[in-house]
Structure formats: C-alpha cells, structure tokens
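Take a look at the letters that make up each chain.
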Amino acid sequence: MRGYIYYKRTQKSKSSLSFLHVVVGIFLAIGTITSCENSDRTTNAPAYQEADFAFKWELKNPILDAAMFDEEDWIAIKDPSIVRYEGKWHLFCTLRGKERSHAMVYSSFDDFEEAAQTTPIVLPNHDGYFCAPQVFYFTPQEKWYMICQAKDDDWSPKYQAAFATSEDIADPNAWSALQPMNVARPPEDRFLDFWVICDEEKAYNFFTCDNGNMYRCETTIADFPFGWSTPELAYQGDIFEASHIYKLPGENGYLNLIEAQKEDDRRYFKAYLAEQLDGAWQPVPSDSIGTYAAVENVVQVDGSWTNSISHGELIRDGIDEKMEASLDNPFIFQGVLHRNRAGKKYGNIPWRLGLLNQMNDAEEQDSTTNRPLYTAAPYPVGTSIRLNMLRNDTVMNIAGYEFNSLTAGNAMKMRRVIREGFEYNFEEADEYLDYAESHDMRMFGHTLLWHSSMPDFVKELEGDSAALYNFTKQYIDTLVSRYKGRIDAWDVVNEPVLDGTGELRENAWYNTFGADYLEMVFRMAHEADPSAKLFLNDYNIERDSAKLEGFLKIVRDLKQKGVPIHGIGMQMHIRMDVPNERMAKHLKKCVETGLLIHFSEVDIIFNRHNDSKGGGKQKYNELTEEMKVQQSDKYRQLAQLYNENVPYDQRFGITLWGFADRYTWIRYFFEIMDWPLIFDDALLKKPAYYGFMEGLGSE
Ligand code: XIL
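Residues numbered from 1 in each chain as written. Predicted model: local features only at pLDDT ≥ 70, side-chain atom pairs only at ≥ 80, totals over all residues. Heavy atoms only, no water.

**So, the overall build of the chain**
Secondary structure summary: the chain contains 16 helices and 36 strands in total. Radius of gyration (C-alpha) of the chain: 29 Å, near the 27 Å computed for a compact globule of 699 residues. C-alpha extents for the chain along the principal axes are approximately 90 × 55 × 45 Å. Across the 699 residues that make up the chain, the buried fraction comes to 60%. (Helix = DSSP H or I, 4+ residues; strand = E, 2+ residues; numbered from the N terminus. Rg over C-alpha atoms; globule rule 2.2 N^0.38 Å. Buried < 20%, exposed > 50% of the residue type's maximum accessible area, 1.4 Å probe, protein only.)

**Focus: helix α14 (residues 625-645)**
With 21 residues, α14 extends 30 Å from end C-alpha to end C-alpha; this agrees with the ideal 30 Å at 1.5 Å per step. Turning to α14, its buried residues number three or more, namely M627, Q631, S632, K634, Y635, R636, L638, A639, L641, Y642, N643 and N645. Along its buried surface, α14 packs onto β32 (573-575), α13 (580-592), β33 (596-605), β36 (651-656) and α16 (687-696). (Expected span 1.5 Å × (residues − 1). Contact = heavy atoms within 4.5 Å.)

**Overview of the environment of F403**
Within the secondary structure, F403 sits in the loop between α5 (393-402) and β25 (405-408). With sequence-adjacent residues up to four places away left out, F403 is seen in contact with L373, Y374, V381, G382, T383, I398, M441, L656, F659 and I678.

**Section: the pattern of salt bridges**
Scanning all chains against the criterion turns up 34 salt bridges. E218 is the partner of K202 in a salt bridge, and the nearest nitrogen-oxygen pair spans 2.9 Å. Residue K202 is found in strand β12 (residues 202-208), and its partner E218 is found in strand β13 (residues 213-220); the two are separated by 16 residues along the sequence. Between R216 and E232 there is a salt bridge, and its shortest N-O distance comes to 3.4 Å. Here the residue R216 occupies a position in strand β13, and E232 occupies one in strand β14 (residues 232-236), the gap between them amounting to 16 residues. The class of R216 is buried, set by a relative accessible area of 8%. (Salt bridge = Lys/Arg side-chain N within 4 Å of Asp/Glu carboxyl O.)

**So, the sheet that holds strand β4 (residues 88-97)**
Strand order in the open sheet made by the 4 strands is β3-β4-β5-β6, with antiparallel pairing throughout. Edge positions in the sheet fall to β3 (74-85) and β6 (121-122), since each of these pairs with one other strand and no more. Bridging between strand β5 (residues 102-109) and β6 involves 2 bridges; their strand directions are antiparallel. Each bridged residue has a counterpart across the sheet, and for Y106 the counterpart in β6 is I121. (Pairing = 2+ DSSP bridges.)

**A look at the sheet that holds strand β11 (residues 192-198)**
Taken together, the 4 strands give an open sheet; going across it, the order is β11-β12-β13-β14, and neighbouring strands pair in antiparallel fashion. Edge strands, defined here as strands with exactly one partner in the open sheet, are β11 and β14. Between one strand and the next, the sheet's axes are offset by a mean angle of 30 degrees, whatever the strand orientation. Alignment of β13 against β14, held across 4 bridges, turns out to be antiparallel. Residue pairing across strands places N213 opposite Q236, the latter belonging to β14. (Axes fitted to C-alpha atoms, helices over the stretch in contact; angles between N-to-C directions.)

**Remarks on the site of the ligand**
Around the ligand lies a shell of 13 residues, among which K413, H446, N494, E601 and Y668 are the nearest. Measuring from an oxygen atom of the ligand, one finds a side-chain N or O atom of N494 at 2.8 Å. Separating an oxygen atom of the ligand from a side-chain N or O atom of W657 is a distance of 2.9 Å. Here the ligand has 420 Å² of accessible area as a free molecule, and 88% of this is covered by the chains. (Near = heavy atom within 4 Å. Polar contact = N/O pair within 3.5 Å; in protein donor to acceptor, adjacent residues only side chain to side chain. Areas by Shrake-Rupley, 256 points an atom, 1.4 Å probe, with all protein chains shown as cover.)

**Examining unusual backbone geometry**
For the bond from S156 to P157, the omega torsion is -10 degrees, close enough to zero to count as cis. Note on placement: P157 falls in the loop between β8 (143-151) and β9 (159-166). Of note, the amide linkage connecting H446 to T447 takes the cis form, showing an omega dihedral of 0 degrees. Looking at the secondary structure, you find T447 in strand β28 (residues 442-450). Within the chain, D440 stands out as a residue other than glycine whose phi angle is a positive 55 degrees. Here D440 lies in the loop between α7 (427-438) and β28. The exposed category is assigned to D440, whose relative accessible area is 70%. Phi is positive for D611, which is not a glycine, with a value near 75 degrees. Along the chain, D611 falls in the loop between β34 (608-609) and β35 (616-617).

**So, the confidence of the model for the chain**
Averaged over all residues, the pLDDT of the chain is 89; the fraction at 70 or higher stands at 90%. In this model, residues 1-48 is a region of pLDDT below 50 whose contacts with residues beyond four sequence positions or in other chains number 99 contacts. (pLDDT = per-residue confidence, 0-100.)

**Description of α5**
Every α-helix carries 3.6 residues per turn, so stepping three or four residues along brings you back to the same face. Those residues of α5 lying buried are V395, M396, I398, A399, G400 and E402. On the buried face of α5, the contacting elements are β24 (381-385), α4 (387-390), α7 and α16. By the N-cap criterion, in which a side-chain oxygen at the helix start approaches the backbone nitrogen of a residue two or three places on, α5 is capped by N392, the distance to T394 being 2.9 Å.

**Description of the nonpolar core**
Core analysis: the biggest nonpolar cluster contains 110 residues, and W490 and F599 have the highest contact counts within it. The element that contributes the greatest number of residues to this core is helix α11 (residues 517-528), accounting for 8 residues. Not counting residues up to four positions away in its chain, the partners in contact with F599 are M570, M572, L587, L638, L641, Y642, G653, I654 and T655. In this structure, V183, F191, I239 and Y254 belong to the second largest nonpolar core, which totals 61 residues. (Core = buried A, V, L, I, M, F, W, Y, C linked by side-chain atoms within 4.5 Å.)

**A few points about the pairing of β28**
Within β28, 9 of the 9 residues are buried, which leaves the element mostly enclosed by the surrounding structure. Where β25 meets β28, 3 bridges bridge the pair, whose relative direction is parallel. Its bridge partner being in β28, S405 is matched across the sheet by R442. Here β28 pairs with strand β29 (residues 489-494) via 5 bridges, running parallel.

Written as structure tokens, this is what we have:
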C-alpha cells in the first residue's frame, strides 16, 4: 500500500455530499418508499446520476495470504472484519484449515503493508466451528462485541448466530466464551453472515440465506444481544450472502453492500440504499447495473490475483455499533483467481485478503498507461523470445516487465535441443527458464514434435518403427522430465494438419505410425510429466475452416480415447483483414471442446504471404499513422474476442510471437517488410500496445 494513512479519501468528483443528494434523489425517482418521513428534503435534490455510482477501484497484491505463514495446515484467510483503534488495525478473519475446518484469527498491525509480516493468532474462545466475524464497540455497555455464526453441541439449536465480548480488543485471549444469540431460523435451512447495526433505540440483525433472501430481526438497545424479534424478509433479489450495512455520515441513509454471484461462481458486490434500517432496500442505481465492486471495475495494478470480490467490509469511520462509514472508504475483501478455485470444494479454496482503494480520475488514467501489460488481463500474457533478444538487456527488461509468460522462440525445438548422434544441448533452454523464473513468468514449452524442426538423423529413422519409437520416447522423456514442474505446458505436436484440406500432414511420425502417432506422443509426454498441460498447436485454424475441422477431429478422437490432451493452441498469426466474425466462429468451436485455449503466437501483419518460407507479397511499404490506429483496433478486438468467448476456466492466456517489430520473424522468414507487433523498431510502444491492453481488460 502507498504510505498508509488511516484511509484514503479521494479527490474525485464523487463526494459524500453528492452521494447524499443521490440517496434522496433515488427515493424521489423510485417513489416506492412508503417510510420516507422527510419528503420535503427532496425538493431541491438534484436528479439521480448514474455516474455517481460508477466506482473504479485499484487493487495491489494481497495483504494476507494463508500460504505466507509457516503453518502447513492453513488453506484460506477470509471473512475480514476490521476496526482502527488506538493507532492500529485490528483484523478478525475466518481461517480455513485442513485439521480444523474453521477457526477465527486475530491480527494487529500499524498499516496494511505490515499485515503480511504478522502471524495471525487463533482465538481460543471457541473450540468448534465459528466463522464470519463482525467486530465493533457497543457503546451502551462499553464492550467490544464479536458477532459470528457458530456451532456448539451444547446449544439448542446447535447452529446459531453467536457473540463474544471483550474489554480489550488488542488481547486475543480476552474474549469471553462464545454464546448463542437465539436468533430464530427463517423458513430456510441456511442462514448466515449475521450483521448487527444499531440506531438510537434498536439493534438490528441482518442475515442472508444464499437464495436471494435477506432477513432482518431487531431488539432494543437495552436487551442487546438478546430478545430478537422473529426475522422478517427484508430484501429479495439477485443477491447471495454477506449483507453488510453501514450508516452514511450526516444523513439518515444506510448503505447495504451485498455479495452476489455470477453463473460461473465469481463473486461481486452490489450496493443498496435504505432511508432507515427497517425500510425498503433499493439497488443503486438498479439491480442490473448496481455493481459496487467486481472484477470489471477493479484495476489490479500488481497483476491479477482475483476474479472474485467476496465477503468484504467497507472500512468504517468509527468503531461503534452505528457502523458509520463514508462511501469513499476502502473495501477489504477475500479474493481468489477463478482457475485456483476451479474443481475445489468450497473449504479448499485458497482465499486471500485484498484491499480496494477508490481511484480518482488521474489515477485511473495513470493506471491504464503506467503499468505492465499483463496486469490488464486475468490470465497470463506472454511473449516469445529468440536468442538474439535474450542477449539484449533493453529487450529483456521490457519482456520481463510487460509479460508474465514466456515461450522460447526456437530454443526448445528439436533441432536446437538435440544434435547429430543424440547429443543433447540444454544450455539455451536452461537460460530461458532461468530468466522466466527470475522474472516470475510462466514458461511455456514449445514444441516437442514439429515437421519443420527435425534433425536429418531423425528424418532418416522414418519407416523404422522400433528405432523411431525409441528415439521419440527417449527424446520426450529427457526433455519433458528435465523441466518437470518448471514448465507448465507443452505444445506436444505443432502444425499437424494440412492447410485447406484438414488432412494430417505427412511427417516422419505419420509416415511411420499413421494417425496413431498423435496418441503415442501425447501419452509419452504425459508419462514424463503428469502435471504438465499438453497442447496441440496449429496456424490458420482461426480462418481456414477445413483445416479447423481436421484439427478438431484429431482433438475429439484423442479425447474420446482418453488421451491426455488439455489444450488447443491457436497460433493466430493473423492479418489485418481476417474477419473478426470468422475468428469468433472458429474460436467458439475450439471452446466447445472444453479444453484450455491458448492464443499461442499472436502477430498481426498488413502484407500477405503464402505460409511458406520466402512467400511474402509486399503491398504496404510503409507504416502510416492511420495503419497504426487500425492495427491498434485489431489488437483490441483480438483480446476482446478471447475474453468474450473463452470462459474463465479455459483461459490459458495470450502469447505474442515476439513483442517488437524490430525482431519479428515475419521479416526474415517471409522476406517482406511488415510491422506486426506492439512495440516498434525503436522498442517504443505503438498504439497497438494500448489497444491490446484495453482489450485484455475488457469483460
Ligand atoms: C519461427 C521462429 O520465430 C523463427 O525464428 C524460425 O526461423 C522459424 O520458426 N509457427 C510456430 C513457430 O509454431 O515455432 C514459428 O517460429 C512460427 C510459426
């Protein structure tokens, strides 16, 4: 976090004052609130403005991560509740563990940057299940309260809303034993995330049921924490859980931030307003666009680590039962990347804590221009590097800064790895890997089998099935197991399909083993590293439909036979005039396989070639300003195409083939002049850089 102040108030046009007008304006506009006592207040209220609720957040790295601590048992830190008292943050969270499924932990620190250096302390005031705390100071009794949900065999019913009290928030041992609060169960089986907020006379307890219903019950301040009325339905809509309610300063408006869930389980927060705590809740500004914090309006400046904004708290202005908070305050929440939760039971999801800070307009501007490219996307963004680039510090500084996935341009191809007489040479490949690891980049392995990179001695094995089998097995074993656990994924076979027909390309393996060679080599690769993701990679499948059909037939056959194939590599060496609609149609077909999708070798040229060495046709000799803008659009559309069509679980990333025009393979391979990438010959960002970045961040 930047040098921490209590919390950051922004200078943006959206101020608390305009918000209060909005609160009032909404009541006026909606006209459904019957309990609006001060209707004369609305007389001069400005009309409701949607822009006042256009939140834009900045997110840095997680502030707490269960994996940071020396406790092998810990899986997740979640459900934060936090107060600022006597110059320190006091943070209470749920801890998910392997041995004990739920516990509560306490951490205290001066500023958020230090949070990760403190080891949370497990609270001793309950033995069994307790979680989802809310901590505040209850002024009438001069005590700290912790509200939570808990289970105890001695309680009836066993599962209850519960509380504990303490005289000293800084002492984790000072909490009283947990006691049930006797909030009656609604008709639903599930009721959870209890939240208390008080006005002058009453204490209200809100909770949700994971089914779109939010309930409310109440008691008097004198009877708190007992004497709850029968819960009444307080809101029904597209909401899920964690309804957390705050009093907005100065006026009688209340803000309710409620967690909702998208179809694919991604969580986000919506905002609702009510004039009083037992009043009606209205989505702000409406149910469909009332998003408060979601991956779409969060800029992850240190790189994407979450697709969910889940169970969070608005940082409060004070500490007490009134739960006062300003609309501009930061929001603390739990997050996780969709791919890190896929297939996991809820209790095994590695939730981490993050802090959202609202951005002002200048910061918003800055954040789109002054950060690494890869941070724009919720999946890896890569580049491929050739040896002469690897030797150039300026180039490699850019690569390491802008990208978080690396593909070796040639160094892991067969002709580089193995020389005549079975002599392996890993020097270059090792160098790439060292570079990737020291720059926190994912290493993509390209490629095990490729007709264009076969040493002559291998070609000569064609027809001798025993010899070719033995060589291939030994080669794949040696290469893949050497980098086991360090290379996440391999293009197992590159370019196996012929252009225009979809037939299998003839190569030494096809000519020796027939179509079965594909199954054979995928199985070999899997044996060598069972955790590596295995891809089939090809070019033109985004535009050549016969080729795509042939390609997909191989994929389906392999899948049907249970062969370990995990991904499709669409090289995407495209041209400015390849129609987006056609690419979308082809991409959808690839997505239908359910496999991971990697745009593996993206570049966008203006001129033409016939796909063979030296086959370039020069039409454009010069890159004009207009062409630069058109190319920027095409890059943006390409990334949008990916985001729109590839579901989260299938996004393996987008890799550019190089990143600067100066080093493009297009020029020497096809023997034409062209400008296919996002940095120019002087290694400066082209408009395409910004177009691409914008596309990567689109939802
Ligand atoms: C290219 C390299 O960029 C060149 O340096 C080399 O001369 C030939 O290969 N499809 C692929 C890549 O899968 O491996 C190719 O890379 C580009 C086309």
